[in-house]
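Here is how the chains run, residue by residue.
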Amino acid sequence: MDRPVFAVIGASLAGARAAQALRAGGFDGRIALIGAEEHPPYERPPLSKAVLLTDRGAESVLLPVDWDDLGVELRLGDRAVGFDPSARTVALASGGAVIADKVLLATGGRCVRLEVPGAGLPGVFHLRDLDDAVALRSALKTAGEVVVVGGGFIGLEVAASAQALGCSVTVVEAASVPASRSLGPTWGAFVAEQHLRRGVRIGIGVGVRAIRGGRGVTGVELDDGTTLPADVVVAGIGMAPRTELAADLGLHLAGSRHGVVVDRAARTSHPAVFAAGDVTVQPSWFGERLVRYESYQNAQEQAAVAAAAMLGAPLPARDVPWFWSDQFDMNIQLAGELGAADEVVLRGDRESSSFAAFHLRAGTVAGVFAIGRGRDVRAAMKLIAGRVAVDADELGDESVDLRQLARRTPTPLFR
């Protein structure tokens, strides 16, 4: 009999980790890893940081995996355009095809494009893939004035990198507080203040009317009539999941901008199709509402879950949602959920470069925001997972070992 074939569509971090997990789980059939980019799988977090700040080549972000040794067939520079489950065939844009018994969608997302007059001028950049980062790095080397449209994590990371390169940087954010969708108003305002202290200018509550220029960008016209000078414009206004293939298959989608709906085993509404990474929405770690976790952690952990489900094996445990961002000299970490807290307890001094803020709900830790406190965040994740009853005074007392608090009750597995 022919060996079974699994096709992983999307040579993303999630796709790569799923292929590795399939082999680690004992799958001895064929694995085809299909990617639209020419590059082998790589890590995206450095794109807005290390890749912009240094002349590191593409090799510096590639995953250190010998795909031939792993027995994974890479089909790069070719895009999957269809999957016929009855014919067991994945159609490729090149006209080729891959036989597949099961498919994992790890197609990730694309940048939401800035759609205003002048958005196509030379000097306007979006940042999603390695080629984007290399091109932006080259532009930033000679840029004087840089305008970043969008004050989310990507926008703020690019702003920090550009400022470190000696550019004069302005961030334009339509919301009243940058990064508030992820951090909430308090910590979004805190991070914005750190940028202001380091020389970044921030305009809030204003949108972009047009990009001005001729052969290249010269300025950004705002809704209020102000025009900001600019040699380079970077749009960081969000990500839209690549759901076209899923839509063609008739999979359950949570709207075109929200993603492929999967259960806790990364199963879609079709029994032969699974999905992982930024393209998905899934039940929240804390309940049944659907969320999209756009993080390195989720890409790895959900990929491992998908591989186990494809193999019919027990699902691995997953950790509390966690995210990090490096901006200037700040290592920012958050875990759990920061919203709707009954009380916020500080451990350390928020005016320093090292503190943790625990968000309590009903006497337990629901989330944590921290600067330079990775160890505290890991302990907080155990407190969150174990739903450990905590005392606010103990949390705030730096002489108390948080790891001891976390051992008060056993940590349950991911539900």
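Before reading on, note that the structure itself is shown above.
Presented here is a report on the structure given in the accompanying data block. (Residues numbered from 1 in each chain as written. Predicted model: local features only at pLDDT ≥ 70, side-chain atom pairs only at ≥ 80, totals over all residues. Heavy atoms only, no water.)

Examining the sheet that holds strand S18 (residues 260–261)
Next, step 1: A sheet is described by the order of its strands in space; here three strands give the open sequence S18-S20-S21, paired in mixed fashion. Sheet topology places S18 and strand S21 (290–291) at the edges, where each strand pairs with a single neighbour.
Next, step 2: Bridging between strand S20 (residues 280–283) and S21 involves two bridges; their strand directions are antiparallel. Bridging from a neighbouring strand, Pro-283 pairs with Leu-290 of S21. (Pairing = 2+ DSSP bridges. Helix = DSSP H or I, 4+ residues; strand = E, 2+ residues; numbered from the N terminus.)

Here we look at the packing of aromatic side chains
Next, step 1: What the rule picks out here adds up to 11 aromatic pairs.
Next, step 2: Seen from their ring centres, Phe-190 and Phe-369 are 6.3 Å apart, and the 80 degrees between their planes marks the pair as edge-to-face. Of the two residues, Phe-190 is situated in helix H6 (residues 180–197) and Phe-369 in strand S26 (residues 364–371); the sequence distance between them amounts to 179 residues. Of the two residues examined, Phe-190 and Phe-369, each falls in the buried class.
Next, step 3: On the numbers, 5.5 Å between centres and 25 degrees between planes, the contact of Trp-322 with Trp-324 is stacked.
Next, step 4: Accessibility expressed as a relative area gives 22% for Trp-324, which makes it partly exposed.
Next, step 5: An aromatic cluster is defined as three or more aromatic residues linked by ring pairs; in this entry it consists of Trp-187, Phe-190, Phe-355 and Phe-369. (Phe/Tyr/Trp six-rings, centres within 6.5 Å; stacked < 30°, edge-to-face > 60°. Buried < 20%, exposed > 50% of the residue type's maximum accessible area, 1.4 Å probe, protein only.)

Quick word on empty space enclosed by the protein
Next, step 1: Counted under the stated rule, the structure contains two cavities of 30 Å³ or more.
Next, step 2: The computed volume of the second largest cavity comes to approximately 30 Å³.
Next, step 3: Every residue along the wall of the second largest cavity is listed here: Ala-11, Ser-12, Leu-13, Glu-37, Tyr-42 and Arg-44.
Next, step 4: The residue inventory of the lining of the second largest cavity, partitioned by class, reads three nonpolar, one polar and two charged. (1 Å grid on protein atoms, 1.4 Å probe; cavity = no way out; pocket = protein on both sides within 12 Å on 5 of 7 lines; lining within 4 Å. Points joined across faces, edges and corners; volume = space filled by probe spheres on them. Nonpolar A, V, L, I, M, F, W, Y, C, P; charged D, E, K, R; others polar.)

With respect to the sheet that holds strand S15 (residues 227–229)
Next, step 1: Strand order in the open sheet formed by three strands is S13-S14-S15, with antiparallel pairing between adjacent strands. This sheet does not close on itself; its edge strands, each paired only once, are strand S13 (208–213) and S15. For this sheet, the mean angle separating the axes of adjacent strands, direction not counted, is 25 degrees.
Next, step 2: Relative to strand S14 (residues 217–222), S13 runs antiparallel, the two being bridged by five bridges. Residue pairing across strands places Gly-213 opposite Val-217, the latter belonging to S14. (Axes fitted to C-alpha atoms, helices over the stretch in contact; angles between N-to-C directions.)

Quick look at the packing of helix H5 (residues 153–164) against H6
Next, step 1: As a packed pair, H5 and H6 sit with axes 12 Å apart at the nearest point and diverge in direction by 10 degrees. One element, H5, and the other, H6, form an angle in the roughly parallel class. The residues of H6 that touch H5, namely those facing Phe-153, Leu-156, Ala-159 and Ala-160, are Ser-182, Leu-183, Val-191 and His-195.
Next, step 2: Among the residues forming the contact of H5 with H6, the class breakdown is six nonpolar, two polar and no charged. (Parallel < 35°, antiparallel > 145°, perpendicular 65-115°, else oblique. Contact = heavy atoms within 4.5 Å.)

Looking at helix H9 (residues 374–386)
Next, step 1: Over its 13 residues, H9 extends 19 Å from the first C-alpha to the last, a length consistent with the 18 Å expected when each residue adds 1.5 Å.
Next, step 2: Those residues of H9 not exposed but buried are Asp-376, Val-377, Ala-379, Ala-380, Met-381, Leu-383, Ile-384, Ala-385 and Gly-386.
Next, step 3: Where H9 terminates, the next one or two residues include Arg-387, which has phi positive at roughly 50 degrees. (Expected span 1.5 Å × (residues − 1).)

Quick notes on a negative patch on the surface
Next, step 1: Taken together, the side chains of Asp-342, Glu-343, Asp-391, Asp-393 and Asp-397 present a region of like negative charge at the surface.
Next, step 2: Its place among the elements puts Asp-393 in helix H10 (residues 392–396).
Next, step 3: Overall, the relative accessible area of 63% leaves Asp-393 in the exposed class. (Patch = residues over 30% accessible without salt bridge, like charges linked within 9 Å, V, L, I, M, F, W, Y side chains within 5 Å. Areas by Shrake-Rupley, 256 points an atom, 1.4 Å probe, with all protein chains shown as cover. Salt bridge = Lys/Arg side-chain N within 4 Å of Asp/Glu carboxyl O. Lys, Arg positive; Asp, Glu negative; His and termini not counted. Charge placed at Lys NZ, Arg CZ, Asp CG, Glu CD.)

Thoughts on the nonpolar core
Next, step 1: In terms of nonpolar packing, the biggest core is built from 29 residues, with Leu-22, Ile-31, Trp-67 and Leu-104 touching the most fellow members.
Next, step 2: Those elements giving two or more residues to this core turn out to be strand S1 (5–9), helix H1 (13–24), strand S2 (30–35) and helix H8 (296–311).
Next, step 3: Per element, the largest residue contribution to this core is seven residues, and it comes from H8.
Next, step 4: Residues contacting Leu-22, with those up to four places away along its chain left out, are Phe-6, Phe-27, Ile-31, Ala-307, Met-310 and Leu-311. (Core = buried A, V, L, I, M, F, W, Y, C linked by side-chain atoms within 4.5 Å.)

Concerning the layout of surface pockets
Next, step 1: Approximately 160 Å³ is the volume attributed to the second largest pocket.
Next, step 2: Trp-285, Phe-286, Arg-361, Thr-364, Val-365, Ala-366, Ile-384 and Arg-387 are the residues that line the second largest pocket.
Next, step 3: Among the elements that take part in the lining of the second largest pocket, S26 stands out by supplying three residues, more than any other.

Re the pattern of salt bridges
Side chains that carry opposite charge are capable of pairing whenever their charged atoms lie near each other.
Next, step 1: Applying the stated criterion across every chain yields a total of 25 salt bridges.
Next, step 2: Here Arg-30 ties to Glu-73 by a salt bridge, and the two come within 2.8 Å at their closest N and O atoms. Linking Arg-30 in strand S2 with Glu-73 in strand S3 (residues 72–76), this pair joins segments that are 43 residues apart in sequence.
Next, step 3: For Arg-30, a relative accessible area of 33% corresponds to the partly exposed category.
Next, step 4: The salt bridge partner of Arg-289 is Glu-337, with a shortest N-O separation of 2.6 Å. Taken as a pair, Arg-289 in the loop between S20 and S21 and Glu-337 in the loop between strand S23 (330–336) and strand S24 (343–349) lie far apart in primary sequence, 48 residues in all.
Next, step 5: Residue class for Glu-337 comes out buried when judged on its relative accessible area of 18%.

None of the figures reported here should be taken as evidence of function without further support.
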